[in-house]
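# What the coordinates show
Here's the letter readout for the chains.
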Amino acid sequence: MRLVLLVAQKDLLIERRSRVLLWQVAPFGLMTLVLCGLAVGPNASTQAKLAPGLFYIVLTLVALLVINRASQLESSRGTATSVQILSIDPGAVFLGKALAMFVQLSIVGTALLAGTTVLLHVPLHAAIVTLPVLLLATATLSLAGVLYGRIAASSTNAGTLLPALALPAFAPVLIAGERAFSSLIASGPLARWVWLLGVALAAYACVGLLLYGALEES
Amino acid sequence: MAVASLSDVVVTTGSFPLLSGVNLTLESATTYVITGPNGAGKTSLLRLLAGLEVPSRGRGTVLGFDICSTERRELRRYVGWLGHETSFYPDLSPTENLLFAARTTGADVDLIPSALERVGLTHRAKVSLKLLSAGQQRRLSLAWLLVRRPQLWLLDEPFASLDDEGRDLTSQLIKAAQSSGATVVLTSHGALPAETNATSIVIVGGRIVESAT
């Protein structure tokens, strides 16, 4: 657990220094939300109906940026070698990086949810009660993101390979998150979608813990 | 006593051979210098000894760890590495980088201030690494070796990018490692400082063609 926290603390410290999340990722997400609002048109009920789907698409795009940034931290050969020499437990690296990514995605996700509430006319109570689901979704995206970020990082075309690899894997999160959010707006079934998110989270955690070391070595 | 023993080791990347049929024994408390033309396999041999390359054929042990198995990950904990690229995290300061490395490996964090002072980085200890020159970044890697106190020092072109003061410092640290009983293996294109008493290993085309004192 100590190693997990050390790795997470290091990634968050780097983010605090570079401020990529604040000055690049968050503005990109908010601008995309505004464009979505403009594309849907001025009808408030249409906007509210489409808001959950649009929100999760924007969150997924933002997640790709955060994952790409996180996997670039060790992309230079010198940094990669010096980290390899430290021989940190791969499971701790996987969970630590996922924890740092979860913190970042949760902050941006909450800001985007506030933006969605204002720009796409989502009822305030639905936005508030969907927060726990959002946190579950961002935790799942973080675990999957670290895994796919590591796979893509071994390629020289990591920036373009990552979306091709990760977007299909993010589909269950996107669908379950969108359905859960819609259910909270329109009082539909919620449990099955939360359950799906939980299963995806557990699956990615297990696969990541099993494979991350091998991916590092490759 | 042998620190490393390689027998008919082959390392490839794709179908391209980096090292071909390498046989080598390194004795403890000895300094070795690997020389050879560009692309001869000097860095690959050093990376193999660090447990950073996976042999596709042959067998070998370094510090008692089998480099053909997953033991090579454990080996890295006992190896000191100085590469010729920028190491560590560019967005963190020298102190933050060393703290992270020490805490994750269980090294003594109390040694960090004295190590930074020894390599002349005390006045830059809290500056982002990306703002330091290439020579200063290499000094940070030297500081890490002082904190880590490895049994096996693997230094890739340790005198590159260094000014006269940096070269003197590196020579002093190598001598200190020699006198502490560590084994030092370094690569070099040019002449080494005269006082570096080393056994020469010449590598050409991924094969060791000469090994002599």
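Definitions and cut-offs
Residues numbered from 1 in each chain as written. Chains lettered and ligands numbered in written order. Predicted model: local features only at pLDDT ≥ 70, side-chain atom pairs only at ≥ 80, totals over all residues. Heavy atoms only, no water. Helix = DSSP H or I, 4+ residues; strand = E, 2+ residues; numbered from the N terminus. Rg over C-alpha atoms; globule rule 2.2 N^0.38 Å. Contact = heavy atoms within 4.5 Å. Areas by Shrake-Rupley, 256 points an atom, 1.4 Å probe, with all protein chains shown as cover. Buried area = accessible area lost by both parts, 1.4 Å probe. Salt bridge = Lys/Arg side-chain N within 4 Å of Asp/Glu carboxyl O. Polar contact = N/O pair within 3.5 Å; in protein donor to acceptor, adjacent residues only side chain to side chain. Phe/Tyr/Trp six-rings, centres within 6.5 Å; stacked < 30°, edge-to-face > 60°. Buried < 20%, exposed > 50% of the residue type's maximum accessible area, 1.4 Å probe, protein only. pLDDT = per-residue confidence, 0-100. Pairing = 2+ DSSP bridges. Axes fitted to C-alpha atoms, helices over the stretch in contact; angles between N-to-C directions. Expected span 1.5 Å × (residues − 1). Bend = angle between axes of the 7 residues up to and from the residue. Patch = residues over 30% accessible without salt bridge, like charges linked within 9 Å, V, L, I, M, F, W, Y side chains within 5 Å.

Time to look at the overall build of chain A. Counting its regular elements, chain A contains nine helices and zero strands. Secondary structure of chain A in N-to-C order comes out as α-α-α-α-α-α-α-α-α. The globule rule puts the C-alpha radius of gyration for 218 residues at 17 Å, and the 18 Å found for chain A is close to it. Expressed as lengths along the three principal axes of its C-alpha atoms, the size of chain A is roughly 55 × 35 × 30 Å. Taking as baseline every contact in chain A between residues at least 6 positions apart, the subset at least 24 positions apart corresponds to 82%. With an accessible surface of roughly 9600 Å², chain A has 72% of that area assigned to carbon and sulfur atoms.

Taken together, the 28 residues of chain A in the interface contact 28 residues of chain B. Buried area between chain A and chain B, both sides added, is near 2500 Å², and the carbon and sulfur share of it is 55%. Linking chain A to chain B there are three salt bridges. Ionic pairing is found between glutamate 96 of chain B and arginine 17 of chain A, a salt bridge with its closest N-O pair at 2.6 Å. The tally of links between chain A and chain B comes to 10 residue pairs in polar contact (both at pLDDT 80 or more).

Using the criterion set out here, one finds six aromatic pairs over all chains in the structure. Ring centres of phenylalanine 55 of chain A and tyrosine 56 of chain A lie 5.0 Å apart, and the angle between their planes is 85°; this geometry places the pair in the edge-to-face category. Exposure class is identical for phenylalanine 55 of chain A and tyrosine 56 of chain A. Each is buried. Residues tyrosine 89 of chain B and phenylalanine 100 of chain B carry aromatic rings whose centres are separated by 6.0 Å and whose planes lie at 75° to one another, so their mutual orientation is edge-to-face. Highlighted residues: tyrosine 89 of chain B in the loop between strand 6 (79–82) and helix 3 (94–105) and phenylalanine 100 of chain B in helix 3, separated in sequence by 11 residues. Classification of tyrosine 89 of chain B by relative accessible area gives buried; the value is 3%. An aromatic cluster is present here, built from Phe55, Tyr56 and Phe181 of chain A joined pairwise through their rings.

Let's shift gears to the confidence of the model for chain A. Per-residue pLDDT for chain A averages 89, and the proportion of residues at 70 or more is 100%. Averaged over each element, pLDDT in chain A is lowest for helix 4 (residues 77–86) of chain A (83) and highest for helix 5 (residues 90–119) of chain A (93).

Okay, the side chain of arginine 139 of chain B next. All names here are of chain B. Relative to the helices and strands, arginine 139 resides in helix 5 (residues 134–148). The class for arginine 139 is buried, based on a relative accessible area of 9%. With sequence-adjacent residues up to four places away left out, arginine 139 is seen in contact with Val119, Gly120, Leu121, Asp163, Glu165, Gly166 and Leu169.

Residues and elements named next belong to chain B. What the four strands build is an open sheet, ordered 2-1-4-5; its pairing is antiparallel. If you trace the sheet from one side to the other, it starts and ends with strand 2 (16–27) and strand 5 (65–66), each paired once. Both strand 4 (residues 57–62) and strand 5 contribute to a ladder of two bridges, which runs antiparallel. Residue threonine 61 lies in a different strand from strand 5, and its bridge partner there is aspartate 66. Contacts from helix 1 (residues 42–49) reach strand 1 (2–13), strand 2 and strand 4 within the one sheet, and its direction differs from that of strand 2 by about 60°.

A word on helix 2 (residues 20–40) of chain A. Residue and element names in this part refer to chain A. Counted at 1.5 Å a residue, the expected span for helix 2 with its 21 residues is 30 Å, and the 29 Å between its end C-alpha atoms agrees. In the structure, helix 2 departs most strongly from a straight axis at alanine 26, where the bend amounts to approximately 25° and where the proline proline 27 lies between one and four residues downstream. By the burial criterion, the buried members of helix 2 are Val20, Leu21, Val25, Ala26, Gly29, Thr32, Leu33, Cys36 and Gly37. Along its buried surface, helix 2 packs onto helix 1 (2–18), helix 3 (44–72) and helix 5. In the segment just after helix 2, glycine 41 is the residue with positive phi, at about 105°.

Before going further, it helps to examine the pairing of strand 3 (residues 31–35) of chain B. All names here are of chain B. Burial runs high along strand 3: four of the five residues are buried. When strand 3 meets strand 8 (residues 183–187), the two strands line up parallel, connected through four bridges. By the bridge assignment for strand 8, tyrosine 32 is matched with valine 185. As paired elements, strand 3 and strand 9 (residues 199–204) share four bridges and run parallel to each other. Looking across to strand 9, one finds that isoleucine 34 is bridged to isoleucine 201.

The next thing to look at is a nonpolar patch on the surface. All names here are of chain A. Judged by side-chain polarity, Met1, Leu5, Leu99, Val103 and Ile107 come together as a nonpolar surface patch covering roughly 470 Å² of accessible area. Among the elements that make up the nonpolar patch, the one with the highest residue count is helix 5 (three residues). Mapped onto the fold, methionine 1 is located in the segment before helix 1.

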